[in-house]
Amino acid sequence: MKIIHITDTHLSPSKPHFNGNWAPLVRWIAETGADLVVHTGDLSVDGADKDEDLSFCMELMREVSIPMLIVPGNHDVGHLPGSAQPVNPERLARWRAMVGPDYWAQDIGDWRIIGLNSLLMGFEDAEEQAQFEWLEKTLAERGTRRIAMFAHKPLFVDDANEGDTGYWSLRPSQRRHLYDLIEAHDVALFGSGHLHWSWKGAFGKTSLVWAPPTAFILDKMEREMPGERLVGAAVHELGDEVKTELVAVPGMTAYFLDDVVEEVYPQAAHKKQPEQAE
Ligand SMILES: [Fe+2]
Ligand SMILES: [Fe+2]
C-alpha cells in the first residue's frame, strides 16, 4: 500500500502567502497512484479561530482525487493549556463539524491506519482520557493487522528520552503512554508534521517520519533541528517493511516563514513560548 503523507499546508483565504504551493502538490499527488493521502495537520493559518479558514481549506482538500484522512494541527484546533489559543470545546466543535472526527482508524488490507489528535495531549482532562481509551481499544482489537499511526506533533525532537520540549513535541508523560502502546502493538510507522523539518528515524522497530511541509520552512527564527529543510511530501510504502521517501515536489516554492512572519503570525514574531508559529 502506498500512502502520500502531506502536512502543514497553512492555507488561508485572507493570508494567501503559501496558497501557491497547493496546486503543484495536488497535481503531483494525482500522478502518484497512491491508495491514500494522510494530512497531519495545520491545514489552515487560523482555523483555531476562523470558520472561513477551515471551510476554505476543506474546499481545497476536495481537489485531491485520492481518498484523504486528516488529523488536526495546533493552528486548526488550538494548542497547550496557557497558550494564546488553547484547545477548548468551541474549537473542537468547529473542527468536528467542518472537517470530521479529530481521531480515527481505518482498515486497509493488512493494515490499520490510526490518526490521533495530538493537541488533546497535555490537558490531562476527559477529552485526553477518552482518546487514550479509544486508542487502547483500537489497538487491542487490531487482530493480525499492523499499525501505521499519524499525528501532528512528533513523539520527540532530539532524543527519545528528552524532557519537556515545550511547543515542539508531545510531553513526557503522554509520550511515555504512547511508547508503551507502540511497543505492545507492532506499530510499524509513526508519521508527524508540525516542526517544518523533514526527517526519518526510528524508535525501536517503529519508523519515525517527519513529513516535508507544504507551506514553508524556517531559516533563523527558530532553533536548528534534525533533518532537512524541504517542502514537498513523504511517500510511505507499507509492505513487509516500511519504506519512506522524502520528496521535493516539482513546482513548489521553499518559502521561509522568517520573511513573512510579521504578516502571517504577528504574535509569533514578537513572542516566544507559547505562541510560536509552526
Ligand atoms: Fe503545528
Ligand atoms: Fe505548521
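Anything mentioned here points back to the structure above.
Report follows, based on the coordinates. Positions within a chain are numbered from 1, following the residues in the order the chain's sequence is written. Chains carry letters and ligands carry numbers; both start at the beginning, A for chains and 1 for ligands, and go up in the order they are written. Local features are withheld for residues below a pLDDT of 70 in this predicted model, meaning they are given only at 70 or higher, and side-chain atom pairs are given and counted only at 80 or more; totals for whole chains, interfaces and linings count all residues. With hydrogens and water stripped out, all remaining heavy atoms of the structure feed into the side-chain values.

### A short note on the overall build of the chain
So, step 1. Numbering of helices and strands starts at the N terminus; helices are DSSP runs of H or I of at least 4 residues and strands are runs of E of at least 2. When helices and strands are tallied, the chain shows eight helices and 13 strands.
So, step 2. This radius of gyration counts C-alpha atoms alone. The globule rule is 2.2 Å times how many residues there are, raised to the power 0.38. Relative to the 2.2 N^0.38 estimate, which gives 19 Å for 278 residues, the radius of gyration of the chain is 17 Å and therefore close to what a compact globule would have.
So, step 3. Along the first, second and third principal axes, the C-alpha atoms of the chain reach 50 × 40 × 35 Å.
So, step 4. Within the span of the chain, comprising 278 residues, buried residues form 59% of the whole.
So, step 5. A contact between two residues is defined here by any heavy atoms of the two lying within 4.5 Å. By sequence separation, contacts in the chain at least 24 residues apart represent 69% of the contacts at least 6 residues apart.
So, step 6. About 11000 Å² of surface is accessible on the chain, with carbon and sulfur atoms providing 49% of the total.
So, step 7. Seen as two clouds, the 25 positive and the 44 negative side-chain charges of the chain have centres 2 Å apart. The cut-offs for exposure are 20% and 50% of the maximum accessible area for each residue type, with area from a 1.4 Å probe on protein chains only; residues under the lower value are buried, those over the upper are exposed, and the others partly exposed. Using the Shrake-Rupley algorithm and a 1.4 Å probe, accessible areas are obtained, with residue cover drawn only from the displayed protein chains. Counting rule applied: Lys, Arg positive; Asp, Glu negative; His and chain ends not counted. Where a charge sits is defined by one atom per residue type, namely NZ (Lys), CZ (Arg), CG (Asp) or CD (Glu).

### Some points on empty space enclosed by the protein
So, step 1. Cavities and pockets are defined on a 1 Å grid built over the protein atoms alone: a cavity is a set of grid points where a 1.4 Å probe fits but cannot escape, while a pocket is an open set with protein on both sides within 12 Å along at least five of seven lines, and lining residues are those with an atom within 4 Å of any such point. Grid points are joined across faces, edges and corners, and a volume is the space filled by probe spheres set on the points. Taken as a whole, this structure holds one cavity of 30 Å³ or more when the rule is applied.
So, step 2. By volume, the largest cavity amounts to about 40 Å³.
So, step 3. What lines the largest cavity is Pro154, Leu155, Phe156, Phe190, Ser192, Trp199, Leu208, Val209 and Trp210.
So, step 4. Taken together, the elements giving at least two residues each to the lining of the largest cavity come down to strand 7 (187–192) and strand 9 (206–210).
So, step 5. A per-element tally of the lining of the largest cavity places strand 9 first, with three residues.
So, step 6. Under this grouping Gly is polar, as are all residues other than the nonpolar Ala, Val, Leu, Ile, Met, Phe, Trp, Tyr, Cys and Pro and the charged Asp, Glu, Lys and Arg. Residues that form the lining of the largest cavity fall into these classes: eight nonpolar, one polar and no charged.

### Quick word on the packing of helix 2 (residues 51–61) against helix 4 (residues 89–98)
So, step 1. Axis lines are fitted through C-alpha atoms, for helices just across the contact stretch, and the angle between N-to-C directions can take any value from 0 to 180 degrees. Two numbers describe how helix 2 lies on helix 4: the axes approach to 10 Å, and their chain directions differ by 25 degrees. Relative to helix 4, helix 2 is oriented roughly parallel. Along this stretch, helix 2 crosses helix 4, giving a crossing that reads as right-handed. Where helix 2 abuts helix 4, its residues Asp51, Leu54, Ser55 and Met58 lie against Arg94, Trp95 and Met98.
So, step 2. For the contact of helix 2 with helix 4, the per-class residue count stands at four nonpolar, one polar and two charged. Between 65 and 115 degrees an angle is taken as roughly perpendicular, under 35 as roughly parallel, over 145 as roughly antiparallel, and anywhere else as oblique. Put simply, a crossing is left-handed when the front helix is turned counterclockwise from the back one by less than a right angle, and right-handed when it is turned clockwise.

### Let's talk about helix 6 (residues 172–184)
Side chains three or four residues apart in an α-helix point the same way, a direct result of the helix having 3.6 residues per turn.
So, step 1. With 13 residues, helix 6 should reach 18 Å at 1.5 Å per residue; the first-to-last C-alpha distance of 18 Å fits that figure.
So, step 2. Considering only its buried residues, helix 6 is in contact with helix 5 (126–140), strand 7, strand 8 (199–203) and strand 9.
So, step 3. Immediately beyond the C-terminal end of helix 6, within one or two residues, lies Asp186, with a positive phi of roughly 50 degrees. One less than the number of residues in a helix, times 1.5 Å, gives the span that helix is expected to have.

### Comments concerning the sheet that holds strand 12 (residues 242–248)
So, step 1. By the convention used here, strands pair only if DSSP detects at least 2 bridges between them. If you walk across this open sheet you meet the five strands as 3-2-1-11-12, and the pairing is mixed. The open sheet has two edge strands, strand 3 (68–70) and strand 12, and neither has a second partner. On average, each strand axis in the sheet is tilted by 20 degrees relative to the strand beside it, whichever way the strands run.
So, step 2. Where strand 11 (residues 232–238) lies against strand 12, seven bridges are found, and the strand directions are antiparallel. Its bridge partner lying in strand 12, Leu238 is registered against Val242.
So, step 3. Seen against the sheet, helix 1 (residues 22–32) touches strand 1 (2–6), strand 2 (36–39), strand 11 and strand 12 and runs at an angle of roughly 170 degrees to strand 1.

Geometric values such as these leave the question of function open.
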